[in-house]
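Coordinates in review
In case you want the letters, here they are:
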Amino acid sequence: MQAGLFPTAVGCKRLLSPLIPCIQSAAEITMFDDYLVVYKCLGDLMFYVTGSDNENELILYAVLQAFYEATSALLRQQVDKKTVLENLDLVLLVMDEIVDGGLILETDPQTVAARVTMRGADGEVPIAEQTFSQAFASAKEHLARSLLK
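All of the points below concern the structure found in this document. (Residues numbered from 1 in each chain as written. Predicted model: local features only at pLDDT ≥ 70, side-chain atom pairs only at ≥ 80, totals over all residues. Heavy atoms only, no water.)

Our focus in this paragraph is the packing of aromatic side chains. All told, the structure shown has two aromatic pairs when counted by the stated rule. Taking 5.5 Å as the distance between ring centres and 70 degrees as the angle between the ring planes, the aromatic pair formed by Phe47 and Phe67 counts as edge-to-face. Here Phe67 lies in helix 2 (residues 57–74) and Phe47 lies in strand 3 (residues 45–52), a separation of 20 residues in the sequence. (Phe/Tyr/Trp six-rings, centres within 6.5 Å; stacked < 30°, edge-to-face > 60°. Helix = DSSP H or I, 4+ residues; strand = E, 2+ residues; numbered from the N terminus.)

Dropping the structure here:
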């Protein structure tokens, strides 16, 4: 994927607006003006991932799938326009965790969702966000684990 492929919102809209009538077909991958477009239509939303024509379709589809699944998990399976707009900060963080500057960083939706919610890979809540009882239970567990070794 190229960084700066669509430098402005107007450029993005200019490219994608003629594509909307083409979406009526059942395909999820299409070529459009020398760009590879992978998309998913769900209810009143359309998710797009675009890349140059020499990109791998399967990789772009993996990015789209990771974006949708992580967003769906964070929004508790309620992916519709209203919920996405109300939680746009989470959606943008999901996008930021998956792709940065045109480089794909992560395609595992569980890892992406955990990073967005600032939880560790093992599901632990960071110390700064724990209540006193959670912090005490965590410290007790760590102490018990270190004594048993």
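Here the focus is the pattern of salt bridges. A full pass over the atoms with the stated rule returns three salt bridges. Ionic pairing is found between Lys82 and Glu86, a salt bridge with its closest N-O pair at 3.8 Å. With Lys82 and Glu86 both in helix 3 (residues 81–86), this residue pair falls four residues apart, about one helical turn. The salt bridge partner of Arg115 is Glu106, with a shortest N-O separation of 3.7 Å. Residues joined in a network through salt bridges with shared partners are Glu97, Glu106 and Arg115. (Salt bridge = Lys/Arg side-chain N within 4 Å of Asp/Glu carboxyl O.)

Within helix 5 (residues 109–116), burial applies to Pro109, Val112, Ala113, Ala114 and Val116. In this structure, the buried side of helix 5 is in contact with helix 2 and helix 4 (88–98). (Buried < 20%, exposed > 50% of the residue type's maximum accessible area, 1.4 Å probe, protein only. Contact = heavy atoms within 4.5 Å.)

By themselves, these are just geometric observations and shouldn't be taken as functional.
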